[in-house]
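# Structural features, examined
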Amino acid sequence: MKRILLTVLSLWLFNSILFASASKPNVLLICIDDLRPVLGSYGGAAITPNIDRFAESAIQFNRHYVQFPSCGPSRSSMLGGIRPDTINLFGNGGASRIAQRPETHPTMPLHFRNNGYTTLSFGKTYHSKGTGPGFGWSEKPWQPPSGWTCYVDFEYTSKMKGKWRPAYEIYDGPDHLHGDHQTASEAIQAIEAHKDEPFFIAVGFYKPHLPFVAPKRFWDLYENEDLDLIAPQFVPEGAVTHSYAWSEIWAYGDQHGKLFSETRPP
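Everything numeric here is computed off the predicted structure, so don't read it as measured data.

Scoring rules and cut-offs
Residues numbered from 1 in each chain as written. Predicted model: local features only at pLDDT ≥ 70, side-chain atom pairs only at ≥ 80, totals over all residues. Heavy atoms only, no water. Helix = DSSP H or I, 4+ residues; strand = E, 2+ residues; numbered from the N terminus. Buried < 20%, exposed > 50% of the residue type's maximum accessible area, 1.4 Å probe, protein only. Contact = heavy atoms within 4.5 Å. Core = buried A, V, L, I, M, F, W, Y, C linked by side-chain atoms within 4.5 Å. Salt bridge = Lys/Arg side-chain N within 4 Å of Asp/Glu carboxyl O. Phe/Tyr/Trp six-rings, centres within 6.5 Å; stacked < 30°, edge-to-face > 60°. Pairing = 2+ DSSP bridges.

Before going further, it helps to spend a moment on the environment of Phe199. For Phe199, the location among the structural elements is in strand β5 (residues 199-205). By relative accessible area, which is 6% here, Phe199 ends up buried. Distance in space between the C-alpha atoms of Phe199 and Val27 is 6.3 Å, their sequence separation being 172 residues. Those residues in contact with Phe199 that lie beyond four places of it in its chain are Asn26, Val27, Tyr117, Thr118, Ile191 and His194.

And the structure:
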């Protein structure tokens, strides 16, 4: 089941009174794909000193729920203000439906743009599909050259769909080779360039979504024997079946080039 922890550094300012006022606060929205609440500030085993330090001075939500147990519908619902079941959006495709009624149901970035804001997107916000005019961006959304995989040493193309690809990559090199690092750099430059005008900037990081890609120095922070499996390890009683019909992991493989689907139990 897909899980998305969406960290909002500024509130969704959808209040007409606010927009009518002389002061228009800048808004930075950060989306982190598939991040579970196992950060240090949540008492988890992840070593996250910067986020922990930020949590001390921010508001940390300890009971946060997604709109739907899948990435695309939750993102579209949050950015469009419409429930997934209202527009029958239950998969990662069809995200454009959220932007098909701009006059009556403007998306969050479109509402900001209509009220004098520059709206920019970097990385994964609308599940990488929100590029049409109805989505509300002032400029074409920016994506890292490596795409959603963020592979550094392994080259993946769309023609390889269904074929083996590594579930993780440990590269020994500088941080800036990573797609998420490049996304952060682009966003920082945009913030600096537009700091004197009202802006809504959305920044989406692809990791820790599969495949797990990070510089070696981060992998070296952990020892396998020190990591415990995260509970619950079984489907909760009464849970609906379709919420756990997730097969994405089977498209990946081990270090020997064999798909996990070839070794999974019947």
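Looking now at unusual backbone geometry. Here the amide bond leading from Lys207 into Pro208 is cis, since omega sits at 20°, within 30 degrees of zero. Here Pro208 shows up in the loop between β5 and β6 (212-215). Here the bond from Leu210 into Pro211 is cis, since omega is -10°, no more than 30 degrees from zero. With respect to the helices and strands, Pro211 occurs in the loop between β5 and β6. Residue Asp34 is not a glycine yet carries a positive backbone phi of 65°. Residue position: Asp34 is located in the loop between β2 (27-32) and α2 (49-57).

Another point: the nonpolar core. Leu29, Ile98 and Phe200 are the most contacted members of the largest nonpolar core, which totals 18 residues. Mapped by element, the contributors of at least two residues to this core are β2, α3 (71-80), α4 (108-114) and β5. With three residues, β2 is the largest single contributor of residues to this core. In terms of nonpolar packing, the next biggest core, distinct from the first, is built from twelve residues, Ile30, Leu120, Ala187 and Val203 among them.

A word on the side chain of His194. Summarising the element assignment, His194 is placed in the loop between α5 (179-193) and β5. Once residues lying within four places of it in the same chain are set aside, the contact partners of His194 are Thr118, Leu120 and Phe199.

So, on to the pattern of salt bridges. Between side chains of opposite charge, pairing is possible as soon as their charged atoms come close. Under the counting rule described, the total for this entry stands at six salt bridges. The partner of Lys124 in a salt bridge is Asp33, and the shortest N-O contact between them spans 2.6 Å. Here Lys124, found in the loop between β3 (118-123) and β4 (168-171), pairs with Asp33, found in the loop between β2 and α2; they are 91 residues apart in sequence, far enough to count as distant. An identical accessibility class is assigned to Lys124 and Asp33; each is buried. Lys216 is the salt-bridge partner of Asp220, the closest N and O atoms lying 2.8 Å from each other. Assessed through its relative accessible area of 48%, Asp220 is described here as partly exposed. Judged by its relative accessible area of 36%, Lys216 is partly exposed. Salt bridges linked by common partners bring Asp33, Arg75 and Lys124 together as one network.

As a further point, take the packing of aromatic side chains. The relation between two aromatic rings is expressed through the spacing of the ring centres and the mutual angle of the planes. Applying the stated criterion to the full structure yields ten aromatic pairs. Between Phe68 and Phe90, the aromatic rings sit 5.4 Å apart at their centres with planes inclined by 45°, giving tilted as the arrangement. Pair noted here: Phe68 is in the loop between α2 and α3 and Phe90 is in the loop between α3 and α4, with a separation of 22 residues, a long-range link. Centre to centre, the rings of Tyr151 and Phe154 are 5.0 Å apart; their planes meet at 75°, and the pair counts as edge-to-face.

Time to look at the pairing of β5. Among the seven residues in β5, seven count as buried, and that is most of the element. Residues of β5 alternate between two faces, with Phe199, Ile201, Val203 and Phe205 on one and Phe200, Ala202 and Gly204 on the opposite face, all of them buried. With six bridges connecting them, β2 and β5 associate as parallel partners. Bridging from a neighbouring strand, Cys31 pairs with Gly204 of β5. With six bridges joining them, β3 and β5 adopt parallel strand pairing.

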